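Each chain is listed here by its residues.
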Amino acid sequence: MKATKITFILPKNSKSIKHTLADLLILVFSVFLLISCETDDGINDLETNTPVFNLDLFEQNIINYVNAGNNTPVGWSYTISSNGNLARSNAYGKARTVVDGALDFTLNKEINVASISKFYTAIGVMQLLEANDLTIEDKIAEWLPSSWVQGPGVSDLSFKDLLTHRSGLESTNNNFNTTLGYQGLAVCIRTGVVNSNNFRYLNVNFALFRVLIPSLWSAVSNNAIDIENDANTQFMYLLYMQENIFDKLSLPLVGCVPEDESISTLYYNVNAPNNNTTGRFYGSWNHIAGGGGYFMTPIEMAKVIAFYEHTEILVTEDQRDIMKLHRIGMDRADPNDEIHGNYYGKNGSIGTSDDPAVSKGVLTQMVMFPINGIDCVVVMNTQGVTLNNNANLRQMIYDAYNDAWE
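Every value quoted in this text rests on a predicted model; they were computed, and no experiment measured them. (Residues numbered from 1 in each chain as written. Predicted model: local features only at pLDDT ≥ 70, side-chain atom pairs only at ≥ 80, totals over all residues. Heavy atoms only, no water.)

Trainee: Help me understand the side chain of Ser158 in this model?
Mentor: By the secondary structure assignment, Ser158 is in the loop between helix H3 (117–131) and helix H4 (159–163). Taking relative accessible area as the criterion, Ser158 reaches 4% and is therefore assigned buried. (Helix = DSSP H or I, 4+ residues; strand = E, 2+ residues; numbered from the N terminus. Buried < 20%, exposed > 50% of the residue type's maximum accessible area, 1.4 Å probe, protein only.)

Trainee: Looking at this structure, I do not really get the packing of aromatic side chains. What am I missing?
Mentor: The geometry of an aromatic ring pair comes down to the distance between the two centres and the angle between the two planes. Taken as a whole and assessed by the stated rule, the structure comprises 24 aromatic pairs. Ring centres of Phe53 and Tyr401 lie 5.1 Å apart, and the angle between their planes is 40°; this geometry places the pair in the tilted category. Taken together, the residues span a long stretch of sequence, with Phe53 in the loop between helix H1 (17–39) and helix H2 (55–66) and Tyr401 in helix H12 (residues 393–402) at a distance of 348 residues. Here Phe53 and Tyr401 have matching classes, each one buried. Their ring planes at 90° and their centres at 6.1 Å tell us that Phe58 and Phe369 sit as a pair that is edge-to-face. Separated by 311 residues along the polypeptide, Phe58 in helix H2 and Phe369 in strand S8 (residues 361–369) bring together distant segments of the chain. Among the residues examined, Phe58 registers a relative accessible area of 0% and is labelled buried. Each member of the aromatic cluster is reached from another via a ring pair, and the members are Phe53, Phe58, Tyr343, Phe369, Tyr398, Tyr401 and Trp405. One cation-aromatic arrangement involves Arg332 over Phe199; the distance from NZ or CZ to the ring centre is 3.9 Å. (Phe/Tyr/Trp six-rings, centres within 6.5 Å; stacked < 30°, edge-to-face > 60°. Lys NZ or Arg CZ within 6 Å of the ring centre and 35° of its normal.)

Trainee: Is there a simple way to explain the layout of surface pockets in this structure?
Mentor: With a probe scaled to a water molecule rolled over the atoms, the places where space remains empty come into view. Reported here for the largest pocket is a volume of approximately 1200 Å³. Of all the secondary-structure elements, those providing two or more residues to the lining of the largest pocket are H4, helix H5 (176–179), helix H7 (203–207) and strand S7 (344–351). By residue number, the principal contributor to the lining of the largest pocket is S7, which donates 6 residues. Its residues placed into classes, the lining of the largest pocket shows 15 nonpolar, 23 polar and 11 charged. When its volume is computed, the second largest pocket comes out at roughly 200 Å³. Leu363, Ala391, Asn392, Leu393 and Arg394 are the residues nearest the centre of the second largest pocket, which is lined by 15 residues in total. (1 Å grid on protein atoms, 1.4 Å probe; cavity = no way out; pocket = protein on both sides within 12 Å on 5 of 7 lines; lining within 4 Å. Points joined across faces, edges and corners; volume = space filled by probe spheres on them. Nonpolar A, V, L, I, M, F, W, Y, C, P; charged D, E, K, R; others polar.)

Trainee: Quick question: what am I supposed to make of the side chain of Thr179 here?
Mentor: Mapped onto the elements of the fold, Thr179 is located in helix H5. There is a polar contact of 3.1 Å between the side chain of Thr179 and the backbone oxygen of Asn174. Not counting the four nearest positions on each side in its chain, Thr179 is found in contact with Ser171, Thr172, Asn174, Gly184, Leu185 and Val204. (Polar contact = N/O pair within 3.5 Å; in protein donor to acceptor, adjacent residues only side chain to side chain. Contact = heavy atoms within 4.5 Å.)

Trainee: Help me out: how do you make sense of the pairing of strand S9 (residues 374–380) in this one?
Mentor: Of all 7 residues that make up S9, 7 are buried, and the element is covered over most of its length. The alternating pattern of S9 places Ile374, Cys376, Val378 and Met380 on one face and Asp375, Val377 and Val379 on the opposite face, and all of these are buried. Pairing geometry for strand S1 (residues 75–82) and S9, over 7 bridges, is antiparallel. Bridging from a neighbouring strand, Ser77 pairs with Val379 of S9. With 7 bridges joining them, S8 and S9 adopt antiparallel strand pairing. Residue pairing in the sheet places Met368 in a bridge with Asp375 of S9. Linkage of S8 to S9, two consecutive antiparallel strands, is achieved through a turn of 4 residues, within which Gly373 is found at a positive phi near 70°. (Pairing = 2+ DSSP bridges.)

Take a look at the structure:
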């Protein structure tokens, strides 16, 4: 312990010297104790039982949990951002295997993000509802093409019903060209609300916004937009999304058309038999967009999340709160696993068949962990992957995050 020099100044009144010296001795002893405590190695260091998040461990957990099984992805990548800044990222494996031309998967390689597209569509909807002085509780009927026959219950359908998958519409999550094309949407509206308004995940709910977004945009723009024409609704939906979401983030030419087939990411199944190891090519999704089909790089996906969650460039704080409250464009809540505050994410999956053992496709997931400003994206061009504890991709990320608190 360093010696500490203390200078005493005695009072001029000699009658009080005796008492003053006693007081000063007490003071000196107190200072000595204080200095001793501050300089004693570790005696005053207190530890807390409050868990602390370990970013490095979160990253390592993701890597370990993806590679936990025997069936690992052909190609995959992850990004982890902290308070809107990219903190960790990497890519592994192949976008195309040797039999398809051997192309590495990288952080700047486009992949079909699948149903994460719904999150982007929801952002556009929230923007246009506010621009039209509407809320999610308002009805969709007047914004549909006038030529579409509206079946039972359609007049009562709200934007919220579509955005939260509680529309009660009749559709399936396959045969996309039939069910999600313009005529398929018209048939769905003509059939009307024939099911309960309980949660039922349907791609058609968000595919309808390929028509509704141009309709809403027309009301607040200088140009009337013809929503009676399929090609026109496709073009105007994609144009609105580009100008009002991706351009704001300096992400040019984000769309639902892949790179040229000769260099495009292909999609696999690790369980495919040896005579069926070539990858699957996904073509244009323009005609069925809204609920899926954007082709983006992992870095671009991470950028959208960062600006959505940590700025008001895409949505206001109030709009973001509404989206989170109702899980608009997001996965439903999972209280058993959301143990460090609420987790908000969106998954995506596309397969070539209903048989998961051989279905070639893509798996994607984005998650926001607001309690400590962590955002995460994981994508893989492979189905049939065995993750840690046989979890799905979202559960695996939740586990990796929860296990990173020490």
